[in-house]
Amino acid sequence: MLKIILPTIMMLPTMWLSKTHMMWINTMTCSLLISIFTLMMLYLPNNSCNLSLNFFSDPLTSPLLMLTAWLLPLMILATQQHLHNNSAPRKKLYISMLVFLQISLIMTFSATELILFYILFETTLIPTLIIITRWGYQPERLNAGSYFLFYTLAGSLPLLITLLHYFSSLGSLNILTMTINTKEMMLSWTNNIMWLGCMMAFMVKMPLYGLHLWLPKAHVEAPIAGSMVLAAILLKLGSYGMMRVTPMLNPLTEKMSYPFIVLSLWGMVMTSSICLRQADLKSLIAYSSVSHMALVILAILIQTPWSLTGAMILMIAHGLTSSLLFCLANSNYERVHSRTMMFTRGLQALFPLLALWWLLANLTNLALPPTINLMGELLTILASFSWSNFTIMFTGFNMLITALYSLHMFTSTQRGPLTYSTSNVKPLFTRENTLMLMHMAPILLLTLNPKTIMCLTP
Amino acid sequence: MLPRVLSLGVRRGPLTRRPGTLRGGFSLDWEEKLSEIKKKIQSVLPGTSLHPLYDSSHLPPDHSDVVIVGGGVLGLSVAYWLKKLEKQRGALRVLVVERDLTYSQASSALSLGGIHQQFSLPENIHLSLFSASFLRNINEHLAVVDAPPLDLQFNPLGYLWLASEKDAAAMENNVKVQRQEGAKVCLMSPDQLRNKFPWINTEGVALASYGMEDEGWFDPWCLLQGLRRKVQSMGVLFCQGEVTRESELVKMDNSVEYQPVECALVINAAGAWSAQIAALAGIGKGPPDTLQGTKLPVEPRKRYVYVWHCPQGPGLESPLVADTSGTYFRREGLGSNYLGGRSPTEEEEPDPENLEVDHDFFQDKVWPHLAQRVPAFETLKVQNAWAGYYDYNTFDQNGVVGPHPLVVNMFFATGFSGHGLQQAPGVGRAVAEMILEGRFQTINLDSFLFSRFYLGEKIQEDNII
């Protein structure tokens with residue numbers, strides 16, 4: 001693991017000491033090389049690597065680590081345009097925030113000890129908050145940053161207390177020994193509250209439907225790299241945490257998870273429906289994220305092998321797709337300076353290649369077979385159907401509405417008559433095309449070999 | 001950051017001492033101090049204003065989807081229709097920038113307030129008809145919860161255009177077109193004129209056209225305030241400022257503070273000053289005789305309006321009479337007061353530098369014609385006079401509506417040369433449709449686009465006063 005963490009830490013001096021014209025190139029190259037290292041982890045025997053006391057890798061963490069490492073070069077590609085007018089130290093500061101976030105994320109996903117995981121989980125909040133409030137676009141970003149920070153903090157403080165209590169009662173919170181080192185949690189008031197304390201932090205982060213208020217704000221007000229990292233990785237922190245913590249909480253999960261399963265089913269349908277009525281493109285993508293994550297929450301709370309596999313695949317697929325959608329929305333925004341969907345219509349006539357990326361992004365968003373999005377949703381829906389036949393009504397309805405709003409997003413931005421005021425925008429740059437390709441290629445390649453991310457032996 | 005703080009030191013901040021208050025003492029305006037302190041605290045709390053050091057709530061937002069330059073009746077009408085026709089509520093963020101919120105020089109406020117459908121161009125007729133039906137139902141269109149209804153004081157007394165022998169044929173043609181498009185206009189011979197309006201001297205009049213419905217005059221200030229109230233309730237942001245430099249952003253000057261506003265579309269509804277805004281966007285910067293070099297041919301022209309008192313005057317049933325000489329007058333109120341004036345010829349054009357009234361113009365150029373047409377006006381007494389600007393389109397005296405062919409995110413709604421107020425609702429709707437749908441839907445204003453200046457296609461309107 002050190003071969004990934006140390007180079008990421010050293011990216012900071014690399015970037016600060018590089019010349020201004022080499023800054024972007026250096027950071028891109030470094031981050032791409034680091035992501036190649038993470039690829040090696042996916043192909044280990046047994047898919048686990050336990051060479052250290054503090055950091056390890058596992059079929060559950062390696063796809064997420066891969067995603068995190070892959071996303072950093074993409075974020076750097078995406079921010080080049082809007083940081084154009086800033087001075088060099090500002091740009092370097094921005095990339096430092098991204099790298100700092102990356103370090104904490106890599107360490108979070110590979111931590112062995114739950115307390116270390118918690119500390120790094122909280123650490124990821126700081127650079128994200130700075131990115132949203134300092135480099136966001138509108139005055140509402142202060143509000144968005146406050147919502148983001150306080151929702152997550154309020155949710156995770158009980159988690160700290162619960163984890164410390166567990167540490168004192170179990171002796172060790174090491175993930176590798178957790179399956180044999182737990183006590184059974186029987187139904188009692190204390191244990192209920194402990195369960196809630198553990199899970200609420202991750203529910204807020206996912207986000208669960210009732211606690212999702214921070215997400216549309218934060219996603220919309222964040223700059224592109226902020227949106228990408230939020231949608232792709234930070235939401236998955238919640239689900240990763242849930243999957244790590246639930247082995248400690250048996251058999252209470254079967255009883256306590258019921259209201260949250262209901263909330264996530266209902267939230268899926270509700271947030272998808274809100275997407276149909278959105279006029280702001282980024283807001284639409286943010287609500288679609290909530291909807292997909294509700295499916296992941298459902299999968300994790302049911303706790304069957306198929307559903308956990310489905311959750312994993314969904315996480316990776318949604319990460320890549322959502323990030324791609326945000327990049328596309330950003331390319332629109334940079335040209336027209338407005339996020340409203342009605343100002344950029346009929347773009348297929350002007351930019352056919354961009355229309356291809358939009359089409360692929362929207363098709364993967366609506367879980368078109370045989371993409372990995374569909375694999376994840378299929379496994380989850382099957383597992384939840386076994387859990388209770390009635391859930392098929394919600395999940396089926398959600399798939400329908402997801403298809404509706406994804407196609408609505410596509411047709412309103414690409415098809416139809418061209419708006420007059422976009423007729424002199426510049427076509428997609430090579431950099432942006434590369435960005436879209438680098439999002440799409442993993443999705444398409446994983447479609448061919450989904451067992452790498454399937455987490456079959458956690 | 002630093003220059004902004006310095007400039008703040010120059011202007012009066014909320015905590016400077018005012019004369020008459022003792023240090024630490026209880027001053028009489030305790031309420032005002034308290035609200036100022038509250039405002040200051042609120043601006044420091046996170047989540048509200050942008051700058052933690054001082055209150056910036058009077059500044060416009062950083063981003064807006066549409067910025068409308070000019071808060072007169074045309075700008076507000078565009079704002080109203082944009083918000084009315086947007087597909088989802090709150091989809092568009094609109095900002096109206098107005099330099100002078102007292103409207104002291106705005107053409108909308110100083111206008112005579114007349115509306116008529118007696119134009120020669122079908123588009124103009126349609127626009128006025130649309131506006132007339134809008135004004136008829138104004139309390140349905142511009143209703144705001146808990147606010148009193150608007151009283152437009154619409155006097156439906158019609159317009160009476162007089163034509164001499166040489167203009168009679170053209171007037172007859174025009175009336176035919178007007179009736180085809182749905183305006184209710186009738187032609188009158190001199191005898192009929194004398195019958196209906198005994199106070200007219202029909203010497204030199206061969207034909208007259210009289211509008212019988214949807215024509216008259218109303219209170220433009222009421223329309224302005226009604227639109228403003230409604231538009232604010234729909235969520236349009238207002239800002240007092242002046243648009244100065246522009247690249248793709250709009251910067252505004254407000255005392256010495258400026259705030260760049262990033263926007264997707266700019267609508268030029270600046271009336272008499274539209275040419276400056278267009279020049280900021282780079283319209284007209286190029287070799288002459290090219291599309292880039294075509295400037296926006298709108299310039300301010302000063303027009304005088306005189307108010308006089310004449311007890312023996314025409315009485316309650318007098319329409320707005322437009323004489324063969326270009327002089328016009330209408331009744332004002334119920335106390336035998338009349339408003340009127342005359343458009344000067346090209347040679348007599350007054351200097352549009354300021355809004356000073358030239359009373360000699362009335363003595364020499366207006367009164368003789370008035371007295372000739374209405375003998376009772378020989379004994380009038382001028383009470384008052386004011387001057388206002390026409391946003392005069394020197395090309396063909398008709399409005400410019402729609403996008404610019406090259407600067408694709410600037411839309412025009414200006415240059416109406418004196419009949420902007422009466423066409424404002426229709427034009428606002430047309431611009432909103434152009435933005436939201438991509439083409440004109442209700443009234444086809446394709447002939448009013450900017451490209452006609454480059455192509456040289458004049459759409460001349462005959463009945464302009």
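By the naming in an unreviewed UniProt entry, chain B is FAD-dependent oxidoreductase domain-containing protein 1, taken from Callithrix jacchus. Its UniProt record, at the heading Cofactor (unreviewed entry), says of chain B: "FAD".

For chain A, the name recorded in an unreviewed UniProt entry is NADH-ubiquinone oxidoreductase chain 4, with Callithrix jacchus as its organism. Under the UniProt heading Subunit (unreviewed entry), the entry covering chain A gives this text: "Core subunit of respiratory chain NADH dehydrogenase (Complex I) which is composed of 45 different subunits." Comment text from UniProt for chain A, heading Function (unreviewed entry), reads "Core subunit of the mitochondrial membrane respiratory chain NADH dehydrogenase (Complex I) which catalyzes electron transfer from NADH through the respiratory chain, using ubiquinone as an electron acceptor. Essential for the catalytic activity and assembly of complex I."

J.: What exactly am I supposed to notice about the overall build of chain A here?
T.: Looking only at helices and strands, one finds 18 helices and 0 strands in chain A. At 21 Å, chain A has a C-alpha radius of gyration in line with the 23 Å of a compact globule built from 458 residues. Dimensions of chain A, computed from C-alpha atoms along their principal axes, come out at roughly 65 × 55 × 40 Å. Here chain A, with 458 residues, has 64% of them falling under the buried criterion. Taking the contacts inside chain A whose residues are at least 6 apart along the sequence as the reference set, 83% of them involve residues at least 24 apart. For chain A, the exposed area adds up to about 16,500 Å²; of that, 71% sits on carbon and sulfur atoms. Positive and negative side-chain charges in chain A, numbering 22 and 11 respectively, have mean positions lying 11 Å apart.

J.: Sorry, what's going on with the UniProt feature "domain: NADH:quinone oxidoreductase/Mrp antiporter transmembrane" (unreviewed entry) in chain A here?
T.: Here, UniProt's "domain: NADH:quinone oxidoreductase/Mrp antiporter transmembrane" (unreviewed entry) annotation points to residues 111-401 of chain A. Measuring from the first to the last C-alpha atom of residues 111-401 of chain A gives 38 Å, for a span that is 75% helix and 0% strand.

J.: It is not clear to me how the packing of aromatic side chains should be interpreted in this structure. Could you clarify?
T.: Aromatic rings in a pair are described by how distant their centres are and how their planes are angled relative to each other. Using the criterion set out here, one finds 34 aromatic pairs over all chains in the structure. Ring centres of W308 of chain B and F362 of chain B lie 5.7 Å apart, and the angle between their planes is 40°; this geometry places the pair in the tilted category. Placement of W308 of chain B in strand 12 (residues 298-309) and of F362 of chain B in helix 11 (residues 359-373) is noted, with a sequence separation of 54 residues between them. Of the two residues examined, W308 of chain B and F362 of chain B, each falls in the buried class. The residue whose ring lies beneath R335 of chain A is F429 of chain A, and the NZ or CZ to ring-centre distance is 5.2 Å.

J.: Can you walk me through the packing of helix 5 (residues 114-123) of chain A against helix 7 (residues 140-170) of chain A in this structure?
T.: Packed helix pairs are characterised by how far apart their axes lie and by the angle those axes make with each other. Residues and elements named next belong to chain A. At their nearest, the axes of helix 5 and helix 7 sit 11 Å apart, and the two run at 165° to each other. One finds that helix 5 runs roughly antiparallel with respect to helix 7. In the packing of helix 5 onto helix 7, the handedness of the crossing is left-handed. Contact with helix 5, carried on its side by L114, I115, Y118, F121 and E122, involves L153, S156, L157, L159, L160, L163 and L164 of helix 7 and no other residues of that element. Residue composition of the contact of helix 5 with helix 7, grouped by class: 10 nonpolar, 1 polar and 1 charged.

J.: Looking at this model, I keep getting lost on the sheet that holds strand 16 (residues 381-393) of chain B. Mind explaining?
T.: In a beta sheet, neighbouring strands are held together by backbone hydrogen bonds and run either parallel or antiparallel to one another. Residues and elements named next belong to chain B. Pairing is mixed across the open sheet formed by 8 strands, whose spatial order is 5-6-4-13-14-15-12-16. Each of the sheet's edge strands pairs with one partner strand only, and the pair in question is strand 5 (185-188) and strand 16. When the angles between neighbouring strand axes are averaged without regard to direction, this sheet yields 20°. Pairing geometry for strand 4 (residues 159-163) and strand 6 (residues 207-211), over 4 bridges, is antiparallel. Paired with W161 across the two strands is S209, which belongs to strand 6. Each of strand 4, strand 5 and strand 6 touches helix 7 (residues 168-181); the most contacted strand, strand 5, lies at about 155° to it.

J.: Looking at this model, I keep getting lost on the environment of H21 of chain A. Mind explaining?
T.: Examined against the element boundaries, H21 of chain A turns out to sit in the loop between helix 1 (2-17) and helix 2 (23-42). Sequence spacing of H21 of chain A and A78 of chain A is 57 residues, and the spatial spacing of their C-alpha atoms is 17 Å.

J.: Looking at this structure, how should I read the interface of chain A and chain B?
T.: Reports often express the size of an interface as the amount of accessible area lost when the parts come together. The interface of chain A with chain B comprises 24 residues on the first partner and 29 residues on the second. Summed over both partners, the interface of chain A with chain B comes to about 2,200 Å²; 56% of that surface belongs to carbon and sulfur atoms. Linking chain A with chain B are 0 salt bridges, by the criterion used here. Linking chain A to chain B there are 5 residue pairs in polar contact (both at pLDDT 80 or more). Those elements that place two or more of their residues in the side of chain A that touches chain B are helix 7 and helix 14 (305-336) of chain A.

J.: Which parts of the structure should I look at to understand the pattern of salt bridges?
T.: Where charged atoms from two side chains of opposite charge approach closely, those side chains can pair. Considering all chains together, one arrives at 20 salt bridges over all chains under this definition. For R339 of chain A, the salt bridge is made with D280 of chain A, and the minimal N-O distance between the two is 3.0 Å. Here R339 of chain A, found in the loop between helix 14 and helix 15 (352-365), pairs with D280 of chain A, found in the loop between helix 12 (258-276) and helix 13 (281-302); they are 59 residues apart in sequence, far enough to count as distant. As far as the burial class goes, R339 of chain A and D280 of chain A line up, both buried. R335 of chain A is the partner of E432 of chain A in a salt bridge, and the nearest nitrogen-oxygen pair spans 2.9 Å. With E432 of chain A in helix 18 (residues 430-448) and R335 of chain A in helix 14, this pair connects stretches of sequence that are 97 residues apart. Just as E432 of chain A is buried, R335 of chain A falls in that class too. Beyond isolated ion pairs, a larger network of salt bridges with shared partners links E299, R301, R303, E346 and E349 of chain B.

Parameters at a glance
- Residues numbered from 1 in each chain as written.
- Chains lettered and ligands numbered in written order.
- Predicted model: local features only at pLDDT ≥ 70, side-chain atom pairs only at ≥ 80, totals over all residues.
- Heavy atoms only, no water.
- UniProt positions renumbered as here; feature names shortened; annotations may be inferred.
- Helix = DSSP H or I, 4+ residues; strand = E, 2+ residues; numbered from the N terminus.
- Rg over C-alpha atoms; globule rule 2.2 N^0.38 Å.
- Buried < 20%, exposed > 50% of the residue type's maximum accessible area, 1.4 Å probe, protein only.
- Contact = heavy atoms within 4.5 Å.
- Areas by Shrake-Rupley, 256 points an atom, 1.4 Å probe, with all protein chains shown as cover.
- Lys, Arg positive; Asp, Glu negative; His and termini not counted.
- Charge placed at Lys NZ, Arg CZ, Asp CG, Glu CD.
- Phe/Tyr/Trp six-rings, centres within 6.5 Å; stacked < 30°, edge-to-face > 60°.
- Lys NZ or Arg CZ within 6 Å of the ring centre and 35° of its normal.
- Axes fitted to C-alpha atoms, helices over the stretch in contact; angles between N-to-C directions.
- Parallel < 35°, antiparallel > 145°, perpendicular 65-115°, else oblique.
- Left-handed = near helix turned anticlockwise from the far one by under 90°.
- Nonpolar A, V, L, I, M, F, W, Y, C, P; charged D, E, K, R; others polar.
- Pairing = 2+ DSSP bridges.
- Buried area = accessible area lost by both parts, 1.4 Å probe.
- Salt bridge = Lys/Arg side-chain N within 4 Å of Asp/Glu carboxyl O.
- Polar contact = N/O pair within 3.5 Å; in protein donor to acceptor, adjacent residues only side chain to side chain.

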